[in-house]
Amino acid sequence: TVTIPQGRSLTDEAGTSIVGSPDLEGYSLIYNEGDLVMKGLPEKRISISGWGTLSNSNGTTSIVDADISLNEGLNLFGGLTLIASSTISSSTYGIYAQRSNVNISNSRISGNAYGLYVKKPAPPVYMVRGTDPLFGTGGIGNALDEATDVATQTPQINITNSAITNNAK
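Bear in mind the structure is a predicted one, so any value in this text is a computation, not a measurement. (Residues numbered from 1 in each chain as written. Predicted model: local features only at pLDDT ≥ 70, side-chain atom pairs only at ≥ 80, totals over all residues. Heavy atoms only, no water.)

## What to know about the overall build of the protein
Rule in force here: Working definition: helices are DSSP H or I runs of at least four residues, strands are E runs of at least two. Numbering for both runs from the N terminus. Burial classification: accessible surface area is computed with a 1.4 Å probe over protein chains only, and a residue below 20% of its type maximum counts as buried, one above 50% as exposed, and the rest as partly exposed. Surface accessibility follows the Shrake-Rupley procedure with a 1.4 Å probe radius. Residue values consider only the protein chains on display as shielding.
Looking only at helices and strands, the protein has 1 helix and 19 strands in total. Per-residue burial for the protein yields a buried fraction of 46% across its 169 residues. Here the protein has roughly 7800 Å² of accessible surface; of this, 51% comes from carbon and sulfur atoms.

As structure tokens, then:
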């Protein structure tokens, strides 16, 4: 497990490949309490695959132009997570969020058991459709059922121009 403590940062540059070994099943491959920046490029994407999860615990995580296929996906517990122009697939939970601010844009979450799972206490989920009729449809698990507490404006999950589809739940 790579741990980024509060007050520290880690930057993964374009073309980085990270693979979790089978002994990380049930554990974090990357555990962030600080600042994690994963910035790929369209022609040089970041790849994160294998076993474990990418966890954000009250830190700030930014994922751009990345392909994530960790068996346990992303676990977000507080903090801020930005996901842009990325794919999340082949996970139990594509994204598991609790008490988190999450912004997802121009991304695809598909081929997971759960595309997006929001754990109570749940933030409001705002889905904004793009021009493609498939954006923001299907495979969002319990997200809209669980995210009923609109009285509190934070934390929140914002999804724009993204496809959440072909997930089992």
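## Structural notes on the confidence of the model for the protein
This is how it is decided: Per residue, pLDDT captures the predictor's confidence, and it can take any value from 0 to 100. For this analysis, residues touch if any pair of their heavy atoms sits within 4.5 Å.
A residue-level look at the protein finds 79% of positions with pLDDT of 70 or above and a mean pLDDT of 86. Note that residues 133–139 has pLDDT below 50 and, in this model, 20 contacts with residues that lie over four places away or in other chains. Here residues 141–153 scores under 50 on pLDDT; set against residues more than four positions off or in separate chains, the count is 23 contacts.

## Some thoughts on the pattern of salt bridges
What counts here: Note on definitions: salt bridges are taken to be side-chain nitrogens of Lys or Arg within 4 Å of carboxyl oxygens of Asp or Glu.
Taken as a whole and judged by the stated rule, the model has 2 salt bridges. A salt bridge links R45 to D65, with the nearest nitrogen and oxygen atoms 3.4 Å apart. In this pair, R45 is assigned in the loop between β5 (35–39) and β6 (46–50) and D65 in the loop between β8 (60–64) and β9 (66–70), connecting sequence segments 20 residues apart. Notably, a salt bridge pairs D67 with R45, separated by 3.0 Å at the nearest N-O pair. With D67 in strand β9 and R45 in the loop between β5 and β6, this residue pair connects regions lying 22 residues apart in the sequence. Several salt bridges converge on common partners, so that one network encompasses R45, D65 and D67.

## Notes on the sheet that holds strand β12 (residues 87–88)
This is how it is decided: Whether two strands pair depends on DSSP finding at least two bridges between them.
Strand order in this open sheet of 6 strands is β3-β6-β9-β12-β15-β19, and the pairing throughout is parallel. Every other strand in the sheet has two partners, leaving β3 (17–20) and β19 (163–165) as the edge strands with one partner each. Sheet analysis places β6 next to β9, joined by 5 bridges and oriented parallel. Residue pairing across strands places G50 opposite L70, the latter belonging to β9.

## A look at the nonpolar core
The cut-off we apply is this: Only buried residues count toward a nonpolar core. Its members are Ala, Val, Leu, Ile, Met, Phe, Trp, Tyr and Cys residues joined through side-chain atoms within 4.5 Å.
By size, the foremost hydrophobic cluster in this structure holds 28 residues, and its most contacted members are I30, M38, I48, L54, I63, L74 and I95. Residue contacts for I30: discarding those within four places in its chain leaves V2, I4, I18, L36, M38, T53, L54 and S55.

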